[in-house]
Amino acid sequence: MSPSNVADPPPRSRPVRLLRELWFQVVVGAVLGIAVGVLFPGFGAAMKPLNDWFIALVTMIVIPVVFCVVTTGIAAMDDLRKAGRIGIKAIGYFIVFSLVSMVIGLVVANVFHPGAGMNINPATLDAGHIPGVSGGGHASFTDFVSSLIPESLFGALTGDNILSALLVSILFGVALNVSGERAQILTQGIGALSEVVFRIVSWVMRLAPIGTFGALATVVSTYGAASLQQLGYLVVLFTATCVVYILVVLGTIMRACRLSLFGLMRFLRAELLVALSTCSSEAVLPQVVQKLEALGVGLPVVGITIPAGFSFNLDGSAIYLTMASLFLAQAVGIDLSWQQQLTMVGIMMLTSKGTAGIAGGAFIVLASSITAIGHVPLAALALIVGVDRLLNEGRVFINVLGNAVAAIVVGKWEKDFDVTRARAVLRMRPAPAPSSGKPLSGPHRAGKWLS
């Protein structure tokens, strides 16, 4: 039979195409997890290892991703001063919007008084089982700086401290850059390693629906309806604040960049769903790095801004810290003055950097800040332990989306962002070649994300 007589394969139906989409598989996993948690709570509680294993697999690959992206990005720079500019601009952006987020949390808590009327006696509360309190989880700013410095150069690449790995990656990239042609073979080798690492990332992310199923089955079976009733006003108020922050603050920033926030959310829908269900920002760091490069943000900008942002630019956590602090003060009948509230913000701006990359880090920062300020009894933290998992979903969602927006802003600021390409990608159209004229290769091809 001649090739001309061979019939083309029939096009896949829309349901079949939908089933192949990762974001849809994550949604299915979430629905099934909730159903199992409600109908079979014992079985749902036993599904916790599925989420733990998925998070462990992603964590395994995060440090190699950071090393490959940052090192190759800096090694390819014509001007090393660009790396310094990117870092300074990113940190400046992070500080401003962390402060804005904390002020928003203060204003909302002062206007709506979520803890008023509870009249809790702190003496009746038990702080013995509060995470980060009994275990001595408080971390100072000095501890944070010390944690940046690894015991050995390559030890940072085998550990789990993102900022330490980022420091080593920057140093390694700078060294490759100044070494010139003598280090070209090593640079090419790391570039090839990057292809392999992102191949592994794509395999691991196919397991996201299973991790989502395990996470939600465990949460629903463990807390049940009681988790939605206990302190429901705080949960609803915090969720509403998160929605307003996304629409007003992040929406305004994206409009200033002349891009669609909803288009960006659609583009990152799989990553946002995974972060929402697993309550882990690190679970999607490799994919966010990969997708933003495909969107048109320069590799040096993505490589520096995103890993640093996942430790410094936690806008959702910033809203949570001030709102939860005032909630606890109101719940135990303590009236904090504006001077005390502003002092609290200043302390939290420092202590929040001491638990970067720690699971449930925002809760530990809250414990550290309350201890440092001394105005609210530490035992009051027992009031929100039960609903912290629900609050964590909103703050992680904003953390991921806010860092994607930050990378776009720094990219435009640094003139290392292809706006035409980004608009085409966000509109789900075939993307033009990057402004540099060099198409993205391997796992970074934008066409992969447009299918």
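**A short note on the pattern of salt bridges**
Applying the stated criterion across every chain yields a total of three salt bridges. Here E414 and R85 are joined by a salt bridge, their closest N and O atoms 2.5 Å apart. Residue E414 is located in the loop between α19 (388-413) and α20 (419-426), and its partner R85 is located in helix α5 (residues 81-112); the two are separated by 329 residues in the primary sequence. Given a relative accessible area of 35%, R85 falls into the partly exposed group. Its salt-bridge partner being E414, residue K89 comes within 2.7 Å of it at the nearest N-O pair. Residue K89 is located in helix α5, and its partner E414 is located in the loop between α19 and α20; the two are separated by 325 residues in the primary sequence. Residues K89 and E414 agree in their burial class; the two are buried. Put simply, R85, K89 and E414 are held in one network by salt bridges that share partners.

**Side note on helix α11 (residues 232-256)**
Taking 1.5 Å per residue as the helical rise, α11 with its 25 residues ought to reach 36 Å, and the 35 Å between its terminal C-alpha atoms agrees with that figure. The largest bend in α11 is about 30°, located at L250. Within two residues after α11, R258 carries a phi angle of roughly 60°, on the positive side.

**Quick word on the confidence of the model for the chain**
Confidence along the chain averages 76 in pLDDT terms, with 75% of residues attaining 70 or more. Ignoring residues within four places in sequence, the model shows residues 225-230, a span with pLDDT below 50, making six contacts including any to other chains. In the model, residues 354-359 has pLDDT below 50 throughout and makes 12 contacts with residues more than four positions away in sequence or in other chains.

**Section: the side chain of T305**
Its place among the elements puts T305 in helix α15 (residues 299-312). When its relative accessible area of 0% is taken as the criterion, T305 is described as buried. Only 2.8 Å separates the side chain of T305 from the backbone oxygen of V301, close enough to count as a polar contact. Apart from the residues lying within four places of it in its own chain, the contact partners of T305 are I86, A90, F94, A406, A407 and V410.

**Thoughts on a nonpolar patch on the surface**
On the surface, L99, V103, V107, V111, F112 and Y233 cluster together to form a nonpolar patch covering roughly 530 Å² of accessible area. Position of F112 among the secondary structure elements: in helix α5.

**Some remarks on the packing of aromatic side chains**
In this description, a pair of aromatic rings is defined by centroid distance and the angle of the planes. Considering all chains together, one arrives at four aromatic pairs under this definition. Pairing Y93 with F94 gives two aromatic rings, centres 6.3 Å apart and planes at 80°, and the pair type is edge-to-face. Residues F238 and Y320 carry aromatic rings whose centres are separated by 6.3 Å and whose planes lie at 80° to one another, so their mutual orientation is edge-to-face. Within this pair, whereas F238 is found in helix α11, its partner Y320 is found in helix α16 (residues 315-331), the two being separated by 82 residues in sequence.

**Structural notes on unusual backbone geometry**
The backbone of H113 shows a phi angle near 45°, a positive value even though the residue is not glycine. The residue H113 is located in the loop between α5 and α6 (141-148) in this model. Taking the relative accessible area as the measure of exposure, H113 reaches 39% and is therefore partly exposed. A positive phi is found at R258, a non-glycine position, where the angle reads about 60°. Tracing the chain through its elements places R258 in the loop between α11 and α12 (261-267). The exposure class of R258 is exposed, given its relative accessible area of 66%.

**Some thoughts on the packing of helix α4 (residues 48-75) against helix α14 (residues 285-295)**
The geometry of α4 relative to α14 is characterised by a closest axis approach of 8 Å and an angle of 35° between their N-to-C directions. Contacts between α4 and α14 involve V58, I61, V62, V65, V66 and V69 on the former and, on the latter, L285, P286 and V289. When its residues are assigned to classes, the contact of α4 with α14 shows nine nonpolar, no polar and no charged.

**Some thoughts on the environment of Q330**
Residue placement: Q330 occurs in helix α16. Along the backbone, Q330 and G117 are 213 residues apart, and their C-alpha atoms lie at a distance of 7.8 Å. The contacts of Q330, once residues within four sequence positions are left out, are A109, H113, P114, G115 and A116. At a separation of 3.2 Å, a polar atom in the side chain of Q330 contacts the main-chain carbonyl oxygen of A109.

**Comments concerning the packing of α4 against helix α8 (residues 184-205)**
Relative to each other, α4 and α8 sit at 150°, their axes nearing to 9 Å. The pairing of α4 with α8 is recorded here as roughly antiparallel in orientation. Seen from above, α4 lies across α8 with left-handed handedness. Touching F54, L57, V58, I61, P64, V65, F67, C68, V69, T71, T72 and A75 of α4 are T187, I190, G191, L193, S194, V197, F198, I200, V201, V204 and M205, all from α8. When grouped by side-chain class, the residues that make up the contact of α4 with α8 number 18 nonpolar, five polar and no charged.

**Quick word on the environment of A404**
Within the secondary structure layout, A404 lies in helix α19. Residue classification places A404 among the buried positions, given a relative accessible area of 0%. Note: C-alpha distance between A404 and L268 (136 residues apart in sequence) is 9.0 Å. When sequence neighbours within four positions are dropped, the list of residues in contact with A404 reads L264, L268, L292 and I306.

**Details of the nonpolar core**
What tends to happen in soluble globular proteins is that the nonpolar side chains get buried as a cluster. Core analysis: the biggest nonpolar cluster contains 120 residues, and L264, Y320 and L366 have the highest contact counts within it. Excluding anything up to four places from it in sequence, L366 contacts Y320, L321, A324, S325, L328, M348, L381 and I384.

Thresholds applied
Residues numbered from 1 in each chain as written. Predicted model: local features only at pLDDT ≥ 70, side-chain atom pairs only at ≥ 80, totals over all residues. Heavy atoms only, no water. Salt bridge = Lys/Arg side-chain N within 4 Å of Asp/Glu carboxyl O. Helix = DSSP H or I, 4+ residues; strand = E, 2+ residues; numbered from the N terminus. Buried < 20%, exposed > 50% of the residue type's maximum accessible area, 1.4 Å probe, protein only. Expected span 1.5 Å × (residues − 1). Bend = angle between axes of the 7 residues up to and from the residue. pLDDT = per-residue confidence, 0-100. Contact = heavy atoms within 4.5 Å. Polar contact = N/O pair within 3.5 Å; in protein donor to acceptor, adjacent residues only side chain to side chain. Patch = residues over 30% accessible without salt bridge, like charges linked within 9 Å, V, L, I, M, F, W, Y side chains within 5 Å. Areas by Shrake-Rupley, 256 points an atom, 1.4 Å probe, with all protein chains shown as cover. Phe/Tyr/Trp six-rings, centres within 6.5 Å; stacked < 30°, edge-to-face > 60°. Axes fitted to C-alpha atoms, helices over the stretch in contact; angles between N-to-C directions. Nonpolar A, V, L, I, M, F, W, Y, C, P; charged D, E, K, R; others polar. Parallel < 35°, antiparallel > 145°, perpendicular 65-115°, else oblique. Left-handed = near helix turned anticlockwise from the far one by under 90°. Core = buried A, V, L, I, M, F, W, Y, C linked by side-chain atoms within 4.5 Å.

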